[in-house]
Amino acid sequence: MADTVLFEFLHTEMVAELWAHDPDPGPGVSAGLRGEETGATKGQKMSLSVLEGMGFRVGQALGERLPRETLAFREELDVLKFLCKDLWVAVFQKQMDSLRTNHQGTYVLQDNSFPLLLPMASGLQYLEEAPKFLAFTCGLLRGALYTLGIESVVTASVAALPVCKFQVVIPKS
């Protein structure tokens, strides 16, 4: 229980610290009026990139440590099942709620009560803030997959809090 609270607090503080360093574009500057990115937009992208990179490194470490007890994975689907069960339990103390695939390299992992979004699940006003709380977890999934031998692109989407969907696309080589 204490581990969960500490992780959630650390994650919240990482997000807050990175967002606090966004450059202020100044008064009267609106984002994207001329199709250009403002300093704030660039800063937000940089913050998301830093969070995703942190998650990637943690995912790599977990991908090395956790599967010691399991046999070698035979298929991509076995690796994704491992992420939904073992990795998710190690990080969030619960299993992922569903895993869907189109059998062509695209997987959708759904968590109906994503722990990092639960504190803000009381209203729709926080929906636009959700992406910054998902970047770390996208990196976590991508890092674990990379360590297990799978290159991927991981994105997240939130339609209603605290439900979160992670889309994992594995390019065919």
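Residues numbered from 1 in each chain as written. Predicted model: local features only at pLDDT ≥ 70, side-chain atom pairs only at ≥ 80, totals over all residues. Heavy atoms only, no water.

Let me state the cut-off plainly: UniProt positions are given in the numbering used here, feature names are shortened, and annotations may be inferred rather than shown by experiment.
For the chain, an unreviewed UniProt entry supplies the name Trafficking protein particle complex subunit 6A and the organism Pan paniscus. Heading Subunit (unreviewed entry) of the UniProt record for the chain holds this comment: "Part of the multisubunit transport protein particle (TRAPP) complex. Heterodimer with TRAPPC3. The heterodimer TRAPPC3-TRAPPC6A interacts with TRAPPC2L. Interacts with TRAPPC2L."

### Digging into the pairing of strand 1 (residues 98-101)
The criterion, for reference: Between any two strands, at least two bridges found by DSSP are needed for them to pair. Only DSSP runs of H or I reaching four residues or more are called helices, and only runs of E reaching two or more are called strands; each is numbered from the N terminus.
Bridging between strand 1 and strand 2 (residues 106-111) involves four bridges; their strand directions are antiparallel. Bridge pairing in strand 2 links Arg100 to Val108. Hairpin connection between strand 1 and strand 2: a loop of four residues separates the two successive antiparallel strands, and His103 in this loop has a positive phi of roughly 60 degrees.

### Considerations on the pattern of salt bridges
What counts is decided by this rule: For this analysis, a salt bridge means a side-chain nitrogen from Lys or Arg found within 4 Å of a carboxyl oxygen belonging to Asp or Glu. The rule is simple: take the accessible area with a 1.4 Å probe, protein chains only, and divide by the maximum for that residue type; under 20% is buried, over 50% is exposed, in between is partly exposed.
Counted according to the given criterion, the structure contains five salt bridges. Of the charged contacts, one joins Lys172 and Glu76 as a salt bridge, the two residues approaching to 3.6 Å between their closest N and O atoms. Of the two residues, Lys172 is situated in the segment after strand 4 (164-169) and Glu76 in helix 3 (residues 76-92); the sequence distance between them amounts to 96 residues. Lys172 sits in the exposed class, given a relative accessible area of 59%. Take Glu76: its relative accessible area is 23%, and that puts it in the partly exposed class. Here Lys132 makes a salt bridge to Glu129, at a shortest N to O gap of 2.6 Å. Classification of Glu129 as partly exposed rests on a relative accessible area of 28%. One network of salt bridges, in which partners are shared, links Lys94, Asp97 and Asp111.

### Some points on the pairing of strand 4
Side-chain alternation along strand 4 places Cys164, Phe166 and Val168 on a buried face and Lys165, Gln167 and Val169 on a face that remains uncovered. Here five bridges tie strand 3 (residues 153-157) to strand 4, and the two strands are oriented antiparallel to one another. Residue pairing for strand 4: Val154 is matched across the bridge by Val168. In this antiparallel pair of consecutive strands, strand 3 and strand 4, the connection spans six residues.

### Re the packing of aromatic side chains
Selection criterion: Any two rings among Phe, Tyr and Trp, with Trp reduced to its six-membered ring, count as a pair given centres within 6.5 Å; such a pair is stacked if its planes are under 30 degrees apart, edge-to-face if over 60, and tilted if neither.
Enumeration over the complete set of coordinates arrives at eight aromatic pairs. Between Trp88 and Phe92 the ring centres are 4.7 Å apart and the planes differ by 55 degrees, which places this aromatic pair in the tilted class. Here the residue Trp88 and the residue Phe92 both occupy positions in helix 3, the gap between them amounting to four residues, near one helical turn. Side by side, Trp88 and Phe92 carry an identical accessibility label, which is buried. An angle of 70 degrees between the planes, with centres 5.6 Å apart, marks the rings of Phe114 and Phe166 as edge-to-face. Here the residue Phe114 occupies a position in the loop between strand 2 and helix 4 (135-147), and Phe166 occupies one in strand 4, the gap between them amounting to 52 residues.

### A few points about the sheet that holds strand 4
Applicable threshold: Structural elements are reduced to axes, namely lines fitted to C-alpha atoms, with helices fitted over the stretch in contact, and the angle between N-to-C directions of any two is expressed from 0 to 180 degrees. Any pair of residues with heavy atoms lying within 4.5 Å of one another is described as a contacting pair.
With antiparallel pairing, the four strands of this open sheet are ordered in space as 1-2-4-3. Each edge of the sheet is formed by a strand with only one pairing partner; in this case those strands are strand 1 and strand 3. Averaged over neighbouring strand pairs, the angle between their axes works out to 20 degrees when direction is ignored. Of the pairings in the sheet, the one linking strand 2 to strand 4 comprises six bridges and is antiparallel in character. Within strand 4, the residue paired with Leu109 across the bridge is Phe166. Its contacts with the sheet put helix 3 on strand 1, strand 2 and strand 4, and the angle it makes with strand 2 is roughly 15 degrees. Helix 4 contacts strand 3 and strand 4 of the sheet and is inclined by roughly 155 degrees relative to strand 3.

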